[in-house]
Number of protein chains: 2
Amino acid sequence: MPEDRTHKVSCSSYVYEVEVAFEILSGKWIPLIVWTLSTEGTKRFGELRKIMPSVTQKMLTQQLRTLEKRGIVSRKVYPEVPPVVEYSLTEIGQKLLPILKEFNGWAKDYLSTRNAGKPSAD
Amino acid sequence: MPEDRTHKVSCSSYVYEVEVAFEILSGKWIPLIVWTLSTEGTKRFGELRKIMPSVTQKMLTQQLRTLEKRGIVSRKVYPEVPPVVEYSLTEIGQKLLPILKEFNGWAKDYLSTRNAGKPSAD
DNA sequence: CCGTATCCGTTATGATACTG
DNA sequence: CAGTATCATAACGGATACGG
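Here, residues in each chain are numbered from 1, in the same order as that chain's written sequence. Written order decides the labels, with chains lettered from A and ligands numbered from 1. Where local features are concerned, this predicted model is filtered to residues with pLDDT of at least 70; where side-chain atom pairs are given and counted, the filter is 80 or more; whole-chain, interface and lining totals use all residues. Just so you know, side-chain values use all the structure's heavy atoms and leave hydrogens and water out.

Engineer: Explanation requested: the pairing of strand S3 (residues 84-89) of chain A in the structure shown.
Structural biologist: Remember that side chains alternate between the two faces of the sheet whenever the strand is regular. Residues and elements named next belong to chain A. The buried fraction of S3 is high, at five of six residues. A strand pair is defined by DSSP finding two or more bridges across the two strands. Here a helix means four or more residues in a row that DSSP labels H or I, a strand means two or more in a row labelled E, and each is numbered from the N terminus. Summarising the sheet, strand S1 (residues 43-44) and S3 pair through two bridges and their orientation is antiparallel. Across the sheet, the residue bridging to Arg44 is Glu86, located in S3. Bridge analysis of strand S2 (residues 73-78) against S3 gives six bridges, and the strand direction is antiparallel. Its bridge partner lying in S3, Val77 is registered against Val85. In textbook terms, the turn of a hairpin is the stretch between consecutive antiparallel strands, and for S2 and S3 this stretch comprises five residues. The cut-offs for exposure are 20% and 50% of the maximum accessible area for each residue type, with area from a 1.4 Å probe on protein chains only; residues under the lower value are buried, those over the upper are exposed, and the others partly exposed.

Written as structure tokens, this is what we have:
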């Protein structure tokens, strides 16, 4: 197994808790995955693949497993053939949504401010 | 120059703006630096070093320059001998504080929840 | 359908020494 | 005081092929 960092978050050294928050949400596709599960609700693996075609299968699996270890995502396996696996946010994971929405709003503000002085392509 | 990614953020491809927000705050020490400048206000380079002794000089310089390029931090140089350089948040950078506070609160909640079922060391 | 294993290039970070 | 340069390594991410 590639054994990603797994960041024993609850044991990591940190000065302010905000660092823990960003550590938990670190990973190239993690914000996108959390946002998707927040706004769309429970999804199967294949559905997530369709929604996020730019994420390779390997990365989607890996980032979901990381989120599971960090306690943000819950994984439910139905022992059928062919297999069915559903992903959803845990309770603490769901509490991220309002904050992510504000962050989203901030980024819109940021982008419009940045492009304000740039008429054409930068 | 090591020429960090510099992520032409305003041109990066993204599906949701929230991804841009996380991209802007990406970097091992960036959340800590932004939080510090948010809560403590304008600081000189040497002061930041004292406040964050775990950050090497190279990394502090690099992450501050990255934040400057991304438009979050403002750098003011006083042409004196010895040199004086002050760092502060830009207007858009200051707007991050309330959101970072919420992340901080969420992380406290997260950490207490995680440690709830773990009496001793993890 | 939902993964894992392997290979391998790129990026991020750190140690250390030196400078206007 | 506030950086730069250089070197070395580790973490991350992507392509591809295979498996229960």
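Back to the text.
Engineer: Just to check I follow, could you spell out the sheet that holds S3 of chain A for this structure?
Structural biologist: Sheets are built from strands paired through backbone hydrogen bonds, the pairs being either parallel or antiparallel. All names here are of chain A. The antiparallel open sheet is built from three strands, whose spatial order is S1-S3-S2. Two strands lie at the open edges of the sheet, namely S1 and S2, each paired on one side alone. Throughout, a contact is declared for two residues whenever any of their heavy atoms are within 4.5 Å. Helix axes are fitted to C-alpha atoms over the stretch in contact, other axes to C-alpha atoms as well, and angles between N-to-C directions run from 0 to 180 degrees. Its contacts with the sheet put helix H2 (residues 30-40) on S1, S2 and S3, and the angle it makes with S3 is roughly 90°. Contacting S2 and S3, helix H4 (residues 57-69) crosses the sheet at an angle of about 115° to S2.

Engineer: I'm lost on the pattern of salt bridges in this one. Help?
Structural biologist: A side chain with one charge can pair with a side chain of the opposite charge if their charged atoms come near. Salt bridges are identified by distance alone: a Lys or Arg side-chain nitrogen within 4 Å of an Asp or Glu carboxyl oxygen. Scanning the model with the defined rule gives four salt bridges over all chains in all. With a shortest N-O distance of 3.8 Å, Glu40 of chain A and Lys43 of chain A are connected by a salt bridge. Accessibility expressed as a relative area gives 40% for Glu40 of chain A, which makes it partly exposed. Exposure remark for Lys43 of chain A: the relative accessible area of 16% places this residue in the buried category. A salt bridge links Lys95 of chain B to Asp109 of chain A; its shortest N-O distance comes to 3.1 Å. Of the two residues, Lys95 of chain B sits in the loop between helix H5 (91-94) and helix H6 (97-116) while Asp109 of chain A sits in helix H6 (residues 97-116), which places them in two different chains.

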